[in-house]
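# Working through the structure, step by step
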Amino acid sequence: MKGKGSIFAFLLVCFSMTGVLFSQTTGKIKGKVTDATNGKALEYANVVIEGTSRGTATDKNGEFTILNVPPGTYTLRVLYMGYQTKQIENVRVSVNRTSYYDIELNQSVVELAPVVVQASVVSMKKDQTSSIRNVSSEQIDVMPIENIGAAISMQAGVVEGHFRGGRLTEVAYLIDGIPVTESFGGAGKSVDLEPEAVADLEVITGTFNAEYGQAMSGIVNAVTKGGSSTFHGMISGQLGNYFTPNKDIFIGLDDGELTRNQDYKMSMSGPILGNKLSFFANVRYQDNKNHLNGLRRFNPGDYSNFESVDPADWYSEHTGDGAYVPMNKSKNLSVMTKITALPFNGFRTSLLATYNRDNWFGYDHAFKYNPDGMSSTHRESGIAALEINHLLTKRMFYELKLSAMRHDHGYYLFENPFDEGYLHDRFLRNTGPGFFTGGQNKDHDIRIKTEYSGKFDFSWQITQQHNIKTGAHLILHDLDNQYHQIRNYYYGTQWENELYVPSILPDSSIYSDVYRVKPVEFAAYIQDKMEFDEMVINVGLRYEYFNPKTVYPSQRRNPANQLDFPDDPEKMSEYPDADAKIQLSPRFGLAYQLGEAALLRFSYGHFRKMPPLYALYQNHAFQVAPADYATTMGNAQIKPEKTIQYEIGLWQQLMEGMGMEVALYYRDIYDMLSAKVITTFNQIEYGLYSNKDYGNAKGLELKFDFVRGSFSSYLNYTLQYTRGNADNPLQTFTRAGNSMDPIPRLIPMSWDQRHTFNLTIGYNTAAYGATMTGYYNSGSPYTWSPVSESMLSRVNLYPNNAAAPSRFSVDLAGYYNIPIPGPFKAKLVLNVYNLFDTLNEVWVNAETGRAYTAIIRDTDIAAHHSDFNTFEDVVQNPSMYASPRLIKAGLELMF
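The structure presented is a predicted model; accordingly, all values stated were derived computationally and were not measured. (Residues numbered from 1 in each chain as written. Predicted model: local features only at pLDDT ≥ 70, side-chain atom pairs only at ≥ 80, totals over all residues. Heavy atoms only, no water.)

## Here's the deal with the pattern of salt bridges
Enumeration according to the criterion identifies 50 salt bridges in this entry. Residues Lys-888 and Asp-263 are paired through a salt bridge, measuring 2.8 Å at the closest nitrogen-oxygen approach. Here Asp-263 lies in strand β17 (residues 261-273) and Lys-888 lies in strand β48 (residues 886-894), a separation of 625 residues in the sequence. Across the pair Asp-321 and Arg-296 runs a salt bridge, and its minimum N-O distance is 3.1 Å. Within this pair, whereas Asp-321 is found in the loop between β21 (315-316) and β22 (324-326), its partner Arg-296 is found in the loop between β19 (293-295) and β20 (304-305), the two being separated by 25 residues in sequence. Residue Asp-321 is classed as exposed on the basis of its relative accessible area of 55%. Residues joined by salt bridges that share partners form a network here, namely Lys-125, Arg-133, Arg-164, Arg-601, Glu-647, Glu-661 and Glu-701. (Salt bridge = Lys/Arg side-chain N within 4 Å of Asp/Glu carboxyl O. Helix = DSSP H or I, 4+ residues; strand = E, 2+ residues; numbered from the N terminus. Buried < 20%, exposed > 50% of the residue type's maximum accessible area, 1.4 Å probe, protein only.)

Okay, here's the thing in structure tokens:
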């Protein structure tokens, strides 16, 4: 890739600049100490967190607050002269949360052993004003998951990656509060963490506080592990393969190939300089061939012609070796390091670095017999950050965070666009057999995106009831985009059919999109967390500013001045600076305690997010192709998308260790990204990104958990209704290009899955354990199309008018600790995905509503010309099914 090898240099430069980390990554412990006999407040009682230097003394009302506590599980110790010491175990602190404890002490004239009690669940949920789920590292360790995304998808309110009915681009992803959302495409993350590196995973579906921005439907914040006071380490290796009887669908799988998927991990933590300086490091490398194979019958340089109806006229070169070739394989390297320093009491600084290098292939059925002609996706990304956390007083602290992130993206067959391996376009033919019998994919996309960001947060516990938090956040973007289609240097000449030299055209061509832009983003917020005996209120306001730092054409009907009107200047474009976008977003949340074991909450807010950067800058030269509906153009004048959301929720402790949470929500989504049709002065129609789409979503989320000793169970259920006028920004534009009527009403979105359910059951001890998760999805909408012979084919049916079949699968994770002498520990690990090898249909045929099927007509058979396959081969696409049963087994060594 163009930036290959530069990420490491980039990280080193960032470290040398002493930058810093984003949103708060600590929590708070709060409570009141009283006499158990008469309820009198005990002033000057000592409250300490065991094993740390953190603690405080109660005030005259017996109240105490311990700020700035890192996520984790602690023991709280309360001491007062003349009273028996009380010890509260399993005090769970999560990011941005407060754990509350009303502590009663018994008088004692002699020193007795401390009274040991367990932290109550209601104490840790009292301040929850919205749907927040915190997944601990202990839970992640035993889950049957491969990555953090799998843990996120299990949460109530998340359906196929969509949070509460929104588009994929409506979620913000953070690491230690640092924004890592992939801002060009708007969905997913620029950098990834492995599950072994995460201490606490915070997932917010719906409303959230004013400190969070650039999100509309959800927040995901992964808090990383830090160093330890003693050395710990782990190294593991797992090998996997697919075991299924459906080898007629998943061709080329071999039960004896035990190394088809390889997974190697290593992590280590320990002190560098006593308790003052420590480190944590994690590495993971995966080499996965995965489950979809092609058959190398053809090489890219083979030429075939099956166009004639007479087989005697067919010509075919097939020089392939006939080997099975993995077509959705991937190689992934992930590295994370963190150094934490505690130079003096109340001051903590952390240096974080991550590095990802990935290569993914996406299955393309058309290349089944010519797999070497496919392009693949490349990613090399990293982030460097330094966080400073300073406790000024027991009631006041600040966090200063700066970070630098670089994401190098590539999609190509050869990194060099002039590589001699590129072949003439005449080899790329699929007429007749329906598969490419040679040739190559020639899209060539390289994009380097750098983000420098800094954030300052200040938190002040003014009184026991009021915690004021304010902050500011600046992001400097640097986007270098280089998209080309590989062309023939001799195109348009008399030699174009005989000679071939790969070439690329400049940005002034419709075959390229080359630009570099540096937009600026700024935000500030203030919020007040009001904490009373039985009620918590969050009130906040967020200010956001975005400057695209580019120009736009003043005359959209002649954007690049490709048409000349010397006598009519109004028909010619000028290029003024695009406007900066400014918005204010109010947020409100309330939680009220109902008795000793129930909480009622309500929240409301306005949430805004700028559309992905491609929607502002695509087709930066403003060129319009000579054909209708062949061009889409970015719009730097586009506005932020907006949602207004309401939520009401109830949490109830049913019995000790068992709780249930229910949430109802509704949201309107305005100014969604779309593409409107613009007609040039010479009557060419093209698409311009704009804010025309609307949607809404409503639903119910149910969460149930039960933990008792070594047994645990978690249930998540989502009932969802989501409607809108378009699935994606280009849907309306595409329908117009296909001469289809506009959609005059709201339709179900393609992710409008009615029921989403998962149940996790685990039994885990120090010696062995197993956890099983079952998933049920009721099926997403798809667009059913009647056969052309039916009278219904004359009716303009709306999209997403039918439901695909439901899906069910079960995953399993297990371990067994092997007793061995010495400092090492050994553990056998087993992961099984799709335990019962269910054939789950991911997408379906538009006419039959089922995968791997089609209504085949005589005309289809007659038009199919091939000497190596049948027409059924064209419609039987194995990627229509989810992956078959995967079994991974390995050994883990720990010290």
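More follows now that the structure is in view.
## Some details on the nonpolar core
The biggest cluster of nonpolar side chains holds 30 residues, and the ones touching the most others in it are Ile-140, Ile-152, Phe-163, Val-180, Val-198, Leu-201 and Val-220. Looking at this core, the elements that each hand over two or more residues are α4 (148-153), β12 (171-175), β14 (198-205), β15 (218-224) and β25 (376-393). (Core = buried A, V, L, I, M, F, W, Y, C linked by side-chain atoms within 4.5 Å.)

## Focus: the packing of aromatic side chains
The tally for this structure, following the rule as stated, stands at 29 aromatic pairs. Taking the centre distance of 6.3 Å and the plane angle of 55 degrees together, the rings of Phe-184 and Tyr-614 count as tilted. Of this pair, Phe-184 sits in the loop between β13 (178-179) and β14 while Tyr-614 sits in helix α5 (residues 614-617); the two residues are 430 residues apart in sequence, bridging distant segments of the chain. Residue Phe-184 shares its accessibility class with Tyr-614, and that shared class is buried. For the pair Phe-298 and Phe-868, a centre-to-centre distance of 5.2 Å together with 70 degrees between the ring planes defines the contact as edge-to-face. With Phe-298 in the loop between β19 and β20 and Phe-868 in the loop between α7 (858-863) and α8 (871-875), this pair connects stretches of sequence that are 570 residues apart. Take Phe-868: its relative accessible area is 17%, and that puts it in the buried class. Ring-pair connections join several aromatic residues into one group, and the members of that group are Phe-298, Phe-306, Trp-314, Tyr-369, Phe-435 and Phe-868. Here the basic side chain of Lys-126 rests over the ring of Tyr-100, its NZ or CZ set 4.9 Å away from the ring centre. Lying over the aromatic face of Tyr-491, Arg-487 brings its terminal NZ or CZ to 4.7 Å of the ring centre. (Phe/Tyr/Trp six-rings, centres within 6.5 Å; stacked < 30°, edge-to-face > 60°. Lys NZ or Arg CZ within 6 Å of the ring centre and 35° of its normal.)

## Some thoughts on the sheet that holds β13
Across a sheet, paired strands are connected by hydrogen bonds in the backbone, their directions being either parallel or antiparallel. Here 5 strands make up an open sheet; going across it, the order is β9-β14-β15-β12-β13 and the pairing mixed. On the outer flanks of this sheet lie β9 (132-136) and β13, each paired with one strand and no other. Pairing of β14 with β15 involves 7 bridges; the strand directions are antiparallel. Note on β15: the bridge partner recorded for Leu-201 is Ala-222. (Pairing = 2+ DSSP bridges.)

## Digging into a nonpolar patch on the surface
A contiguous nonpolar patch, built from Val-539, Phe-588, Tyr-592, Leu-594, Leu-600, Phe-602, Tyr-646, Ile-648, Leu-650, Leu-664 and Tyr-666 and spanning about 870 Å² of accessible area, is present on the exposed surface. If you list the elements that add at least two residues to the nonpolar patch, you get β34 (581-593), β35 (598-609), β37 (641-655) and β38 (658-679). The dominant element in the nonpolar patch, judged by the number of residues it contributes, is β37, at 3 residues. Within the secondary structure, Tyr-646 sits in strand β37. Here Tyr-646 falls in the partly exposed class, since its relative accessible area comes to 36%. (Patch = residues over 30% accessible without salt bridge, like charges linked within 9 Å, V, L, I, M, F, W, Y side chains within 5 Å. Areas by Shrake-Rupley, 256 points an atom, 1.4 Å probe, with all protein chains shown as cover.)

## Description of a negative patch on the surface
A contiguous patch of negative charge on the surface is contributed by Asp-102, Glu-104, Asp-533, Glu-534 and Glu-596. Looking at the secondary structure, you find Asp-102 in strand β7 (residues 98-105). (Lys, Arg positive; Asp, Glu negative; His and termini not counted. Charge placed at Lys NZ, Arg CZ, Asp CG, Glu CD.)

## Digging into unusual backbone geometry
For Arg-164, which is not glycine, the phi torsion reads 50 degrees and is therefore positive. On the secondary structure map, Arg-164 appears in the loop between β11 (162-163) and β12. Notably, Asp-837 is not glycine yet its phi reads approximately 55 degrees, a positive angle. Inspection of the secondary structure assignment puts Asp-837 in the loop between β47 (825-833) and α7.

## Things to note about the sheet that holds strand β1 (residues 27-35)
One open sheet holds the 3 strands; their spatial order is β4-β1-β7, and the pairing between them is mixed. Strand pairing shows two members of the sheet lacking a second neighbour, β4 (63-69) and β7, which therefore form its edges. Averaged over all pairs of adjacent strands, the angle between their axes in this sheet comes to 20 degrees, without regard to strand direction. Two elements, β1 and β7, share 8 bridges in a ladder whose sense is parallel. (Axes fitted to C-alpha atoms, helices over the stretch in contact; angles between N-to-C directions.)

## Brief notes about the confidence of the model for the protein chain
When pLDDT is averaged along the protein chain, the result is 93; 96% of the residues meet or exceed 70. Across residues 15-23, where pLDDT falls below 50, the model places 47 contacts with residues more than four positions away in sequence or in other chains. (pLDDT = per-residue confidence, 0-100. Contact = heavy atoms within 4.5 Å.)

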